[in-house]
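Spelled out from the first residue to the last, the chains are:
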Amino acid sequence: MAVCYQYQLPVLPLDRPVPKHVLSRRGAISFSSSSSLFGCANPRVLSQRRGAISYESSDQTALYIRMLGDVRVRSRAGFQPERRDSHPYIDFRLLHLPPETGELASARKIRRLLSFQRYFRSAHLFRGIPSQNSLSILDDNYSGQVTCMLEKVGSWNFDIFLLDRLTNGNSLVTLTFHLFKYHGLTEHFHLDLVKLRRFLVMVQEDYHRNNPYHNAVHAADVTQAMHCYLKEPKIAKSVCPWDVLLGLLAAATHDMDHPGVNQPFLIKTSHYLASLYKNTSVLENHHWRSAVCVLQESKLFSHLSVEESYQMESQLGSLILATDISRQNEFLSQLRTRLDMCDLCLNDATHRHFMLQIALKCADISNPCRPWELSKKWSENVSQEFFHQGDIERRYKLDISQLCDRYTETVANIQIGFISYVVKPLFVEWSRFFNTRLSQTMLGHLNLNHATWMGLRQEQTQMGLRQEQTQSEESANSICEAMN
């Protein structure tokens, strides 16, 4: 039996810098990805390799080639190592700078060099060479901690941040690979473990590490939540392996290549993705296309028929597009209507798919339903990302988006509104259908967290009033002194 060393060992820091020749690799939005870890020896190939959308803006006749597999833009000049901007004044590379560079810069200095053994194992892992231990990227002691954590992967108190530290920033790969084996998907769909590992690495590398919230850790957290929902009795006895596969795939890929800004920002800055998807579910369409692109490149499901592949890509898109927050009321209204009419039968494939959409939506916004320490950290991360967008908008004299002004908004205000108008209505309806211990636990955490944020907001308001009163008294004393 593996022994959990959680309280005896330090946590590995991130220690794998991105090579310079990789920074120009690809993508519609992302500017870095560790493609060299796949074993590609030619750096020139990396810049032309694949990915969301690459284009040359100086070529006025450039054409979008929107294929599910390889989405590129052909131009006479060929591929450029870097994407061009859409807004005439904004350098979109700013989106990928960390909001607070001071602490991160000092943290980068505190890095621990990999031992030769660990480096050798990690190189094999990312090149898809199987090893005796699936977690061999880590030393045995850390593998013991990770194994101990994964044994409790179905717990709602699961700490994804700890798993990410223990796996040296590879929580999404480690967790999803484990869940594929846990649900028997590798055997049922005859998946090549080398291709599966490579696919998951490619997915993880398409998330931007500098995003405070929309990063691979968030994807891993949503995947873990989806696993918990798939274990609910009503779902577990009705779903087939195909449904489980789609649910986990959608959870792991639902925010791929997220730029760290929202759709209104892309629209008002005339970003080419907004034009490409006609200002409709811009990010979600891009996440879906990116996911399909990686699926096809990895050839993970190359043994499926054309019809099955098309069905997978289509249903995967249906799930990911459901996470568009602007469609929240649409799905909530459908769920309420079906529950009121007792019209939900999970034996029906259409109804199962609808509930998978609802499950992914719940998993995507489940942070306020986690225990306070986890929920608070996610709340701070998403607020940091909002404020970073607001800082860019202020710098370029754009209208600051709602919730993005750090000088007028607080984390408490953002969370109170989010819980009241978005999260709670959806989870109340979820608990109507799944009246289980998990649903009650989530509602319990949700109410406690809401009350805690209300208390913090009240404290902040009182503190602000005291500061204003002090400033008024100081101003009055200054006036009196001047008059005397």
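Calculation notes
- Residues numbered from 1 in each chain as written.
- Predicted model: local features only at pLDDT ≥ 70, side-chain atom pairs only at ≥ 80, totals over all residues.
- Heavy atoms only, no water.
- Helix = DSSP H or I, 4+ residues; strand = E, 2+ residues; numbered from the N terminus.
- Buried < 20%, exposed > 50% of the residue type's maximum accessible area, 1.4 Å probe, protein only.
- Core = buried A, V, L, I, M, F, W, Y, C linked by side-chain atoms within 4.5 Å.
- Contact = heavy atoms within 4.5 Å.
- Axes fitted to C-alpha atoms, helices over the stretch in contact; angles between N-to-C directions.
- Left-handed = near helix turned anticlockwise from the far one by under 90°.
- Nonpolar A, V, L, I, M, F, W, Y, C, P; charged D, E, K, R; others polar.
- Parallel < 35°, antiparallel > 145°, perpendicular 65-115°, else oblique.
- Phe/Tyr/Trp six-rings, centres within 6.5 Å; stacked < 30°, edge-to-face > 60°.
- Lys NZ or Arg CZ within 6 Å of the ring centre and 35° of its normal.
- Expected span 1.5 Å × (residues − 1).
- pLDDT = per-residue confidence, 0-100.
- Salt bridge = Lys/Arg side-chain N within 4 Å of Asp/Glu carboxyl O.

Caption draft 1: Structural detail: unusual backbone geometry. Despite not being glycine, H190 has its phi angle at roughly 55°, a positive value. Within the secondary structure, H190 is located in the loop between α7 (185-188) and α8 (193-205). One non-glycine residue, S270, lies in positive phi territory at about 55°. With respect to the secondary-structure elements, S270 resides in the loop between α12 (263-268) and α13 (272-276). Classification of S270 by relative accessible area gives partly exposed; the value is 49%.

Caption draft 2: Broad picture of the nonpolar core. In this structure, Y229, M355 and W430 are the most contacted members of the largest nonpolar core, which totals 98 residues. Of the residues forming this core, the biggest block, 10 residues, is contributed by helix α9 (residues 216-230). Setting aside its immediate chain neighbours within four residues, W430 contacts Y229, I235, L335, M355, I358, A359, C362, S439 and M442.

Caption draft 3: View of the environment of F158. Structurally, the position occupied by F158 is in the loop between α4 (140-150) and α5 (160-166). According to the relative accessible area criterion, F158 is buried, its value standing at 4%. For the pair formed by F158 and Q224, sequence separation is 66 residues and the distance between their alpha carbons is 8.2 Å. Ignoring sequence-local partners within four residues, the contact set of F158 consists of M149, K152, V153, L163, Q224, R370 and L374.

Caption draft 4: A look at the packing of helix α6 (residues 171-182) against α8. Where α6 meets α8, the closest approach of the two axes is 9 Å, and the angle between their N-to-C directions is 145°. Crossing handedness for the pair α6 and α8: right-handed. Across the interface between the two elements, S171, L172, V173, T176, F177 and F180 from α6 touch L193, L196, R197, L200, V201, V203 and Q204 from α8. Here the residues of the contact of α6 with α8 sort into 9 nonpolar, 3 polar and 1 charged.

Caption draft 5: Inspection of the environment of V261 at higher detail. Looking at the element boundaries, V261 is found in the loop between α11 (241-253) and α12. By relative accessible area, V261 is classed as buried at 4%.

Caption draft 6: Examining the packing of helix α16 (residues 328-340) against helix α19 (residues 411-433) more closely. Where α16 contacts α19, the axes come no closer than 10 Å and their chain directions differ by 25°. As summarised for this structure, α16 and α19 are arranged roughly parallel, according to the angle between their axes. When the axes of α16 and α19 are compared, the crossing they make is left-handed. Two secondary-structure elements touch here, α16 through Q328, L332, L335, R336, L339 and D340 and α19 through V422, P425, L426, E429, W430, R432 and F433. Class assignment of the residues belonging to the contact of α16 with α19 gives a composition of 8 nonpolar, 1 polar and 4 charged.

Caption draft 7: The packing of aromatic side chains, seen in detail. Under the counting rule described, the total for this entry stands at 9 aromatic pairs. On the basis of an interplanar angle of 35° and a centroid distance of 4.4 Å, the ring pair of W430 and F434 is categorised as tilted. Three or more aromatic residues joined by ring pairs form one cluster here, namely W156, Y229, W430, F433 and F434. The ring centre of F433 lies 4.2 Å from the NZ or CZ of K234, which sits over that ring.

Caption draft 8: Representation of the side chain of Q357 within the structure. Among the structural elements, Q357 can be located in helix α17 (residues 349-364). Beyond its immediate sequence surroundings of up to four residues, Q357 is in contact with S318, L319, A322 and F331.

Caption draft 9: Up close: helix α15 (residues 306-321). Look at α15: 22 Å from first C-alpha to last across 16 residues, which is about the 22 Å you get at 1.5 Å a residue. The set of residues buried in α15 consists of M312, E313, L316, G317, L319, I320 and L321. On its buried face, α15 is in contact with α11, α14 (282-298) and α17.

Caption draft 10: The arrangement of the confidence of the model for the protein in detail. Per-residue pLDDT for the protein averages 79, and the proportion of residues at 70 or more is 67%. Low pLDDT, under 50, characterises residues 130-138; the stretch is placed with 24 contacts to residues that sit more than four places away or in other chains.

Caption draft 11: A look at the pattern of salt bridges. Under the criterion given, the structure shown has 12 salt bridges. In this structure, D243 engages R352 in a salt bridge whose closest nitrogen and oxygen atoms are separated by 2.8 Å. Here R352 lies in helix α17 and D243 lies in helix α11, a separation of 109 residues in the sequence. Like D243, the residue R352 is buried in the burial classification. R336 is the partner of E429 in a salt bridge, and the nearest nitrogen-oxygen pair spans 3.4 Å. Of this pair, E429 sits in helix α19 while R336 sits in helix α16, and the two are 93 residues apart along the sequence.

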